[in-house]
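# Residue-level structure breakdown
Residues per chain, in single letters:
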Amino acid sequence: MSGRWVFAPRRAPVRAGCGVERASPARVESAARVERGTPARVEHAPRVARARPARTGGRAAARVLRLAATLGLALLAACSRAPDRPNVLLITVDTLRADRSSLATGSARVTTPRLDALAGEGVLCTHASTPRAKTTPALASLMTGLAPHAHGVRDLMAPLALEHATLAERLHAAGWRTAAIVGNYVLQARFSGLERGFEQWTEDLPDAHGVPPEDVPQRTARSMTDGALAALGLGPATDAKAGPNAPFVRAGDPWFLWLHYMDPHGTYAPPEAHSVFRSAAPAPIDRTERTHVAEYNVPAEARLPDGRVDAARVTDLYDGEVRYVDAEIGRLLDALRARGDLANTLVIVTADHGESLGEHDDWFEHGRDACEGCVRVPLIVRFPDDAPEERRRARARCDADVSLTDLAPTLLDWLGLPPLPVANGGTAPRDARAFAAGRSVLPALLGRADARTHPVFGERVDRAELGGAVQHKTVRIGRWKLVQRWAAPPPDRGGKPTLLSEALYDVERDPREERDLAVVAASAEPGAAADAPLGELRALLLAFTAADARFAELADDLARERARLEAVDPEALRILKGLGY
């Protein structure tokens, strides 16, 4: 199955003073849309652009002033930095656990030699987390800087609302050429709404490799890198099944390229050249009432003669997928370095979420849990060579708590561009905006003395339970993580969230979250959690939960969307099920 690729060329810019482009009319309109929360979109036929009625009077005047301020700040920032503004390469890898990289494991099993080398040239963040272990909600948070309850994308097929501005729109308005290539079916524009701000958006899915049960389309790593090389003018046009077929870069302009690699999402079936890992002994999964095994992610070769699943063999194959995508990212970095582009490119590599490998008896899936295996993600930041302060941080480790919601604020802070609006009329009430958005963690990345750790929040959403919405809300500060399980009856029965249970973990000493210190401390072992800031964690989660304005309606919202897909797009629902959702 193939998607579409779109190339939307801009008007030629008019050069202004200090080597900065004067905004073209198209760019002014894009900036205006970012400011008022109605970003431009790359439309895919047969969709029709939705026009909003013009506003008049004082609101229009205020909007013009905000637009002028936005453009003025962008131009001032550009003048104050190096004349050659840096390129930005953002790479997200689907389903990549932080602890499966070679740097994280410290073992003889080398899964990520190229990412290890990249971290040696930049900063490795050891405590990065996703706000939700599902692709679209997580990446909507990365692109907007908002928590899922604030941007409203709570499931895979819920597109981002037009009122929320994105990182791509901000960079496009400030003069960056923008392009994206996505390899996951659920990220297509009609499902995700994340194409806004990208001049070239490629969602072609030419492969069906490794994802059962029935020809589920995706784009695998080699094809992704080939597409990236074509987009950057570093390689030939890709085949007829998958774009892009023309570069989006232009001499003299900085560029922003987002690549979302689908590997190593299940089923784990790496190419033979990367299926090189063999565990010394099998590790059969003994099932209990709590055990959940994603059978569609278990190949025949991982079945033992007695019918049990060999977790060691499945993990070998997962690690092979990690090695495969690592090699293809390395191929792209080599091409950039050979042309001299890497020296002036900010490179960010992270993941949308991780994967369960036995935590809480959950195997080979991610959306079912909010454990560290699912929510801890790798994060590597390599600064350009002409940023001397930042380059001194090569081979550095940043142990501060970082969320994917922090990436857009941090990047814009470093570039000197205006931040994106915080809830911007979304679902978060005004008094809860402190729990709606990420913040810049640039001081922590640069190792400054004023860097402070801040709470990192997350959620897990159950479709329906106990007659209403059920969510796990999480908060982590350093080594301490509190997980609370909340339920809310439907709005017609009050809809007020009720705390069902909580668990406290020391994720530094217990990364698999096997020892609930809340239980231990209450029963047999005084002082086990004496150092935990339990009161602070509880207060934070209470406020974070209260900020979820549609908590009670969420179960009905998700059920309605599922029913709509079943009625109008059964093929999309089939593919979702094939992906394990």
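Residues numbered from 1 in each chain as written. Predicted model: local features only at pLDDT ≥ 70, side-chain atom pairs only at ≥ 80, totals over all residues. Heavy atoms only, no water.

## Concerning the overall build of the protein
The cut-off we apply is this: A run of H or I in DSSP becomes a helix once it reaches four residues, and a run of E becomes a strand once it reaches two; helices and strands are each numbered from the N terminus. Burial status follows relative accessibility: with a 1.4 Å probe on protein chains alone, a residue under 20% of its type maximum counts as buried, one over 50% as exposed, and anything between as partly exposed. We call two residues contacting when some pair of their heavy atoms lies within 4.5 Å. The Shrake-Rupley method, run with a 1.4 Å probe, gives the accessible areas here. Residue values count only the displayed protein chains as cover.
Regarding its fold elements, the protein presents 18 helices and 18 strands. Within the protein, the proportion of its 581 residues that are buried is 58%. Within the protein, residue pairs in contact and separated by at least 24 positions form 72% of the contacts whose partners lie at least 6 positions apart. Accessible surface computed for the protein: about 22,900 Å², of which carbon and sulfur atoms make up 55%.

## Structural notes on the nonpolar core
For soluble globular proteins, the rule of thumb is that nonpolar side chains tend to be buried together. Defined as follows: The set of buried Ala, Val, Leu, Ile, Met, Phe, Trp, Tyr and Cys residues whose side-chain atoms join them within 4.5 Å is what this entry labels a nonpolar core.
One finds Leu89, Phe256, Trp258, Leu259, Leu332 and Phe364 to be the most contacted residues of the largest nonpolar core, which totals 107 residues. By residue number, the principal contributor to this core is helix H10 (residues 311-339), which donates 12 residues. Not counting the four nearest positions on each side in its chain, Leu332 is found in contact with Leu89, Ile91, Thr225, Ala228, Leu229, Leu232, Leu259 and Tyr261. Residues Phe457, Val475, Leu517 and Phe544 belong to the second largest nonpolar core, which totals 14 residues.

## Quick look at the pattern of salt bridges
What counts is decided by this rule: When a carboxyl oxygen of Asp or Glu lies within 4 Å of a side-chain nitrogen of Lys or Arg, that pair is called a salt bridge.
In the structure shown here, the tally under the stated rule is 39 salt bridges. Between Arg132 and Glu459 there is a salt bridge; the shortest N-O distance is 3.5 Å. Of the two residues, Arg132 sits in the loop between strand E5 (123-129) and helix H5 (135-144) while Glu459 sits in strand E15 (residues 456-465), which places them 327 residues apart along the sequence. Take Arg132: its relative accessible area is 3%, and that puts it in the buried class. Overall, Glu459 belongs to the buried group, its relative accessible area being 4%. In this structure, Asp226 engages Arg331 in a salt bridge whose closest nitrogen and oxygen atoms are separated by 2.9 Å. Placement of Asp226 in helix H9 (residues 221-231) and of Arg331 in helix H10 is noted, with a sequence separation of 105 residues between them. Three or more residues are tied together by salt bridges with common partners; here these are Arg100, Arg109, Glu301, Arg313, Asp316 and Asp319.

## Re the environment of Gln484
For clarity, the threshold we go by: Polar contact criterion, stated in full: a pair of N or O atoms within 3.5 Å, where within protein one must be able to donate a hydrogen and the other to accept it, and residues adjacent in sequence count only if both atoms are side-chain atoms.
One can find Gln484 in strand E17 (residues 480-488). When the C-alpha positions of Gln484 and Ser501 are compared, they lie 5.8 Å apart, and in sequence the two are 17 residues distant. Dropping the residues within four chain positions of it, Gln484 is found in contact with Gln471, His472, Lys473, Leu499, Ser501, Glu502, Arg538 and Leu541. Within polar-contact distance, the side chain of Gln484 engages the side chain of Glu502 at 3.0 Å.

## A word on H10
Three or four residues apart is the spacing at which side chains of an α-helix point the same way, because the helix has 3.6 residues per turn. Quick note on the threshold: What a helix is expected to span follows from its residue count: subtract one and scale by 1.5 Å.
Across its 29 residues, H10 extends 43 Å between first and last C-alpha, which sits within 8% of the 42 Å expected from 1.5 Å per residue. Most of H10 sits inside the fold, with 22 of its 29 residues counted as buried. For H10, the N-terminal cap is Asp310; the gap from its side-chain oxygen to the backbone nitrogen of Ala312 is 3.1 Å. Just downstream of H10 lies Gly340, where phi reads positive at about 90 degrees.

## As for the packing of helix H4 (residues 113-120) against H10
What describes two packed helices is the angle between their axes and the distance between those same axes. Convention followed: Angles shown run from 0 to 180 degrees and are taken between the N-to-C directions of axes, each axis being a line fitted to C-alpha atoms and, for helices, limited to the stretch in contact. For classification, angles of less than 35 degrees are called roughly parallel, those exceeding 145 degrees roughly antiparallel, those between 65 and 115 degrees roughly perpendicular, and all remaining angles oblique. For this classification, Asp, Glu, Lys and Arg are treated as charged, while Ala, Val, Leu, Ile, Met, Phe, Trp, Tyr, Cys and Pro are nonpolar and the rest, including Gly, are polar.
Packing of H4 against H10 brings their axes to within 7 Å, and their N-to-C directions diverge by 50 degrees. By the angle class used here, H4 and H10 are oblique. Across the interface between the two elements, Pro113, Arg114, Leu115 and Leu118 of H4 pack against Asp326, Ala327, Ile329, Gly330, Arg331, Leu333 and Asp334 of H10. The class makeup of the residues in the contact of H4 with H10 is six nonpolar, one polar and four charged.

## A word on the packing of H9 against H10
So the rule is basically this: Note: crossing handedness is left-handed where the near helix turns anticlockwise from the far helix by less than a right angle, and right-handed where it turns clockwise.
In contact at an axis separation of 9 Å, H9 and H10 are set at 15 degrees when each is read in the N-to-C sense. In terms of their interaxial angle, H9 and H10 are classed as roughly parallel. For H9 against H10, the interelement crossing comes out right-handed. For the pair H9 and H10, contact is made by Ala221, Arg222, Thr225, Asp226, Ala228 and Leu229 and by Tyr324, Val325, Glu328, Ile329, Arg331, Leu332 and Ala335, respectively. Residues that form the contact of H9 with H10 fall into these classes: eight nonpolar, one polar and four charged.

## Digging into helix H16 (residues 534-546)
Cut-off, in case you're wondering: Summarising the geometry, the arc corresponds to the directions from the helix axis toward the C-beta atoms.
Helix length check: H16 (13 residues) gives 18 Å between terminal C-alpha atoms against 18 Å at 1.5 Å per residue, within 8%. Where H16 is concerned, the buried positions are Leu537, Leu540, Leu541, Phe544 and Thr545. Projected down its long axis, H16 shows its buried positions confined to an angular sector of 130 degrees, all on one face. Exposed positions of H16 whose direction lies more than 90 degrees from the buried face are Gly535, Leu542 and Ala546.

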